[in-house]
Amino acid sequence: MTEDLSWLYSPAVFQVPERIGASGWLEHTPFAFWLIDKLRPERLVELGTHTGISFCAFNQAIKQLGTATACHAVDTWQGDQHAGYYGDNIYNELARYNEDRYGSFATLIRARFDEALAHFDDGAIDLLHIDGLHTYEAVAHDHETWLPKVKEGGVILFHDTNVRRGDFGVHRYWAEIAEGAHAFEFLHGFGLGVLVKGEPRNEAMAALCAARHDPEATSAVRRTFAFLGGAVTNRLKLAMAAKKAKAAPAEA
């Protein structure tokens, strides 16, 4: 291997996610812990939160690492054609969970993405997570309208870059914007694109983006986080199996 991967190490990745559940984002929670540790953002905004697996992973890392990050989740909590549609129960449960654990620094903004733009000054966001409607047009619009709000050297995450079915178009948009940029893509967990606005602000982010140009380094980074993410998924499966066994009637 031609590249030193010492920058990849962070004790934060070995945290056990406190909030787990069926989610396409679950396997990226170890990377969320790593990213908060390495980036140390002052402000984080998530576009599309649903049950809060990703948002709560970020918040857990922020609380444990003491990074003093202000976090904001933007969603209507009504659903869409990809996530499905649902009632207020998901928002109400997440609001209680968030307030109990992270209420001092994390807020839920119940609004459409465009409506929430006015809440943030240009150049105010260090970490932007885009996970709303996944059509090509929708993700392009979300990125282009929110990009001015991101600081130079800030990071933008795109979920579902490795989904190629129906009208999912994130993979097409990602291929366009990642070309020639400081970026890295994970393939597990339906794909996660990591894009730096301008130049990386520190050695770890620069090294992550540089790894894409070394096939061995790319493979090592992807295998590391896929393994860690798989362990989280296995934890969920065990919890579900235990719950099912407890609920099953006892044999005569």
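Predicted model only: the values in this text are computed from it and were never measured.

What counts, and at which threshold
Within every chain, residues take consecutive numbers counted from 1 along the sequence as written. Local features are withheld for residues below a pLDDT of 70 in this predicted model, meaning they are given only at 70 or higher, and side-chain atom pairs are given and counted only at 80 or more; totals for whole chains, interfaces and linings count all residues. Note that the side-chain values use all heavy atoms of the structure and ignore hydrogens as well as water. Partly exposed residues are those whose accessible area sits between 20% and 50% of the maximum for their type, while under 20% is buried and over 50% is exposed, using a 1.4 Å probe and protein chains only. To qualify as a helix, a DSSP run of H or I must reach at least 4 residues; to qualify as a strand, a run of E must reach at least 2; elements of each kind are numbered from the N terminus. Here, a salt bridge means any side-chain nitrogen of Lys or Arg that lies within 4 Å of a carboxyl oxygen of Asp or Glu. Working definition of a nonpolar core: buried Ala, Val, Leu, Ile, Met, Phe, Trp, Tyr and Cys residues. They are joined through side-chain atoms within 4.5 Å.

(A) Looking closely at helix 1 (residues 29-39). Summarising burial for helix 1: 10 of the 11 residues are buried, a large majority. Taken residue by residue, helix 1 has Thr 29, Pro 30, Phe 31, Ala 32, Phe 33, Trp 34, Leu 35, Ile 36, Asp 37 and Leu 39 as its buried positions. At the exit of helix 1 stands Arg 40, carrying a positive phi of roughly 50°.

(B) Representation of the pattern of salt bridges. One pass over the full model with this rule turns up seven salt bridges. Note that Asp 88 and Arg 110 form a salt bridge whose closest N and O atoms lie 2.7 Å from each other. Taken together, the residues Asp 88 in the loop between strand 4 (84-85) and helix 3 (89-102) and Arg 110 in strand 5 (residues 106-110) connect sequence positions 22 residues apart. The residue Asp 122 makes a salt bridge to Lys 149 at a minimum N-O spacing of 3.2 Å. In this pair, Asp 122 is assigned in the loop between helix 4 (113-116) and strand 6 (125-130) and Lys 149 in the loop between helix 5 (136-146) and strand 7 (150-159), connecting sequence segments 27 residues apart. Within the structure, one salt-bridge network assembled from shared partners comprises Glu 42, Asp 126, Lys 151 and Arg 201.

(C) Quick peek at the nonpolar core. Residues Phe 31, Trp 34, Leu 157 and Leu 208 are the most contacted members of the largest nonpolar core, which totals 49 residues. Top element by residues in this core is helix 1. It accounts for seven residues. Ala 111, Ile 125, Trp 146 and Phe 158 belong to the second largest nonpolar core, which has 26 residues in total.

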